[in-house]
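Tertiary structure, described
Spelled out from the first residue to the last, the chains are:
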Amino acid sequence: MGCGMLLAVQNQAETGQRVNKKKVLWSAFAVLALVMGVIQFVPSPPVVVPAQLPDAERAAHRLLNFEGIHNFRDLGGYSTADGRTVKWGALYRSGTLAEASRSDLAALESLQLNSLIDFRSAIEKEEEPNKLPEAVPFAVVEIPTLDDGNKALVGEVMERIESGNFEGFDANASMLEANRQFADEFTPQFRQFINTVMGARGEPVLWHCSAGKDRTGFAAAIVLRILGVPYDVIMQDYMASLEPALASRQSQLTLLRLFKGQEAAGHVAVMMGVEPDWLDAAFAEIDQRWGDFDTYVSEGLELSSEDIEQLRNTLLE
């Protein structure tokens, strides 16, 4: 509609008609504002919760259709090596809740969460504070991960964007290093995460970071591996974040491309995406630092065989 209005202004100018372009443009913006206002009152479709659907329909709705919460997924339905499956409606992962709508918050309450785990750094929470139900019916557990490192990386990227100098900067290498840190330096944080999941005793848990792909993705991967889900399925779930994560930041990437150029947008797009090598790097670091995944679980996450059995009994069927 805005493009059509601007085109009309251009045609009138070309035919020599004297038109007050400023008034026409303001009229166009007024129409757009009115349309946007009407759109806001159009009710969004209700959130489809996989656990509330017949078994055969659940996998197709793994990505929940929240209005303002991106990359919100149910980890149910994945098969384990011993023939069981992860329960639907027990393990959820997502991006930030900063843009949650009223209907989103109502749907979030309907999930009957035991806990919400926030992996974001202090600067991320300051810039995009979560929107939560007025009377929060679940525990909010803050586990800042990559706090100082994230602040430093964001600062470096912003400085390079402003200067236009990306010489020597490797976005992919930065993400590889971050994932290695998950498996080593940030083991205490992921120990707290797994203890929170275990403490819920099968009640629904949601965890998230900003885009719901890196810290959230590693957390999902270790839970699924502890439960006995094969690595190729874990990787499939990890890579399912690619399109939702990029889509959630598309407007920022477009503006960055327009005002700072393709090079800047390209580096940021890499960091907003997800790559198989990143998760591989995390598990390779586990093997190097701990010897193998079982030792990481027992010595790093400090889970006993009884703890693992409890997790499997409460989260598998």
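Everything discussed here concerns the structure shown above.
**With respect to the overall build of the protein chain**
- Within the protein chain, the secondary structure is distributed over 16 helices and five strands.
- Within the protein chain, the proportion of its 317 residues that are buried is 46%.
- By sequence separation, contacts in the protein chain at least 24 residues apart represent 74% of the contacts at least 6 residues apart.
- When the accessible surface of the protein chain is split by element, carbon and sulfur atoms take 54% of a total near 16100 Å².

**Focus: the sheet that holds strand S3 (residues 115-118)**
- Pairing is mixed in the open sheet, where five strands are placed in the order S1-S2-S5-S3-S4. Two strands in the sheet have a free side with no partner beyond their single neighbour: strand S1 (73-74) and strand S4 (139-142).
- Sheet topology note: the S1/strand S2 (residues 91-94) ladder contains two bridges and is antiparallel. By the bridge assignment for S2, Arg73 is matched with Arg93.
- Helix-sheet contacts for helix H9 (residues 215-227) involve S2 and strand S5 (205-208), and the interaxial angle to S2 is about 160 degrees.

**Some points on the nonpolar core**
- Core analysis: the biggest nonpolar cluster contains 68 residues, and Leu91, Phe190, Phe193, Trp207, Phe218 and Tyr296 have the highest contact counts within it.
- Looking at this core element by element, the count peaks at nine residues for H9.
- If sequence neighbours within four positions are ignored, Trp207 has contacts with Leu75, Leu91, Tyr92, Arg93, Ser94, Ile117, Phe119, Phe193, Thr216, Ala219 and Ala220.

**Regarding the packing of H9 against helix H10 (residues 231-239)**
- Relative to each other, H9 and H10 sit at 155 degrees, their axes nearing to 10 Å. Comparing the axis directions of H9 and H10 gives the class roughly antiparallel. Every pair of crossing elements has a handedness; the one defined by H9 and H10 is right-handed. Each of Gly217, Ala220, Ala221, Leu224 and Arg225 in H9 lies in contact with H10, whose residues at this interface are Ile234, Asp237 and Tyr238.
- By residue class, the composition of the contact of H9 with H10 is five nonpolar, one polar and two charged.

**Concerning unusual backbone geometry**
- A positive phi is found at Arg201, a non-glycine position, where the angle reads about 50 degrees.
- Relative to the helices and strands, Arg201 resides in the loop between helix H8 (187-199) and S5.
- Here Arg201 falls in the exposed class, since its relative accessible area comes to 56%.
- The backbone of Glu302 sits at a positive phi, close to 60 degrees, despite the residue not being glycine.

**Side note on the packing of H9 against helix H15 (residues 293-300)**
- The geometry of H9 relative to H15 is characterised by a closest axis approach of 11 Å and an angle of 105 degrees between their N-to-C directions. In terms of their interaxial angle, H9 and H15 are classed as roughly perpendicular. Residues Phe218, Ile222, Arg225 and Ile226 of H9 touch H15, and the partners they reach there are Phe293, Tyr296 and Val297.
- Considered class by class, the residues forming the contact of H9 with H15 number six nonpolar, no polar and one charged.

**What about the layout of surface pockets?**
- Here the second largest pocket defines a volume of roughly 170 Å³.
- As for the second largest pocket, its lining consists of Gly68, His70, Gly95, Thr96, Glu99, Glu128, Ser210, Ala211, Ser248, Arg249 and Gln252.
- By residue class, the composition of the lining of the second largest pocket is one nonpolar, seven polar and three charged.

**A short note on the pattern of salt bridges**
- Applying the stated criterion across every chain, the model contains 11 salt bridges.
- Glu177 is the partner of Arg180 in a salt bridge, and the nearest nitrogen-oxygen pair spans 3.5 Å. You can see Arg180 and its partner Glu177 sitting in helix H7 (residues 171-182), three residues apart, about one turn around the helix.
- Residue Arg180 is classed as partly exposed on the basis of its relative accessible area of 31%.
- For Glu177, a relative accessible area of 39% translates into the label partly exposed.
- The residue Arg191 makes a salt bridge to Glu302 at a minimum N-O spacing of 3.8 Å. A residue pair is termed long-range when its members are at least 10 positions apart, and Arg191 in helix H8 and Glu302 in the loop between H15 and helix H16 (305-315) qualify at 111 residues.

**Observations concerning the packing of aromatic side chains**
- Enumeration according to the criterion identifies 13 aromatic pairs in this entry.
- Look at Phe190 and Phe218: their rings are 4.8 Å apart centre to centre, the planes differ by 80 degrees, and that puts the pair in the edge-to-face class. Placement of Phe190 in helix H8 and of Phe218 in helix H9 is noted, with a sequence separation of 28 residues between them. Phe218 shares its class with Phe190; the two are buried.
- Here the aromatic residues Phe119, Phe182, Phe190, Phe193, Trp207, Phe218, Tyr231, Phe283, Trp290, Phe293 and Tyr296 are joined through ring pairs into a cluster of three or more.
- If you follow Arg62 out to its NZ or CZ, it ends over the ring of Tyr78, 4.1 Å from the centre.

So, how was this worked out
Residues numbered from 1 in each chain as written. Predicted model: local features only at pLDDT ≥ 70, side-chain atom pairs only at ≥ 80, totals over all residues. Heavy atoms only, no water. Helix = DSSP H or I, 4+ residues; strand = E, 2+ residues; numbered from the N terminus. Buried < 20%, exposed > 50% of the residue type's maximum accessible area, 1.4 Å probe, protein only. Contact = heavy atoms within 4.5 Å. Areas by Shrake-Rupley, 256 points an atom, 1.4 Å probe, with all protein chains shown as cover. Pairing = 2+ DSSP bridges. Axes fitted to C-alpha atoms, helices over the stretch in contact; angles between N-to-C directions. Core = buried A, V, L, I, M, F, W, Y, C linked by side-chain atoms within 4.5 Å. Parallel < 35°, antiparallel > 145°, perpendicular 65-115°, else oblique. Left-handed = near helix turned anticlockwise from the far one by under 90°. Nonpolar A, V, L, I, M, F, W, Y, C, P; charged D, E, K, R; others polar. 1 Å grid on protein atoms, 1.4 Å probe; cavity = no way out; pocket = protein on both sides within 12 Å on 5 of 7 lines; lining within 4 Å. Points joined across faces, edges and corners; volume = space filled by probe spheres on them. Salt bridge = Lys/Arg side-chain N within 4 Å of Asp/Glu carboxyl O. Phe/Tyr/Trp six-rings, centres within 6.5 Å; stacked < 30°, edge-to-face > 60°. Lys NZ or Arg CZ within 6 Å of the ring centre and 35° of its normal.

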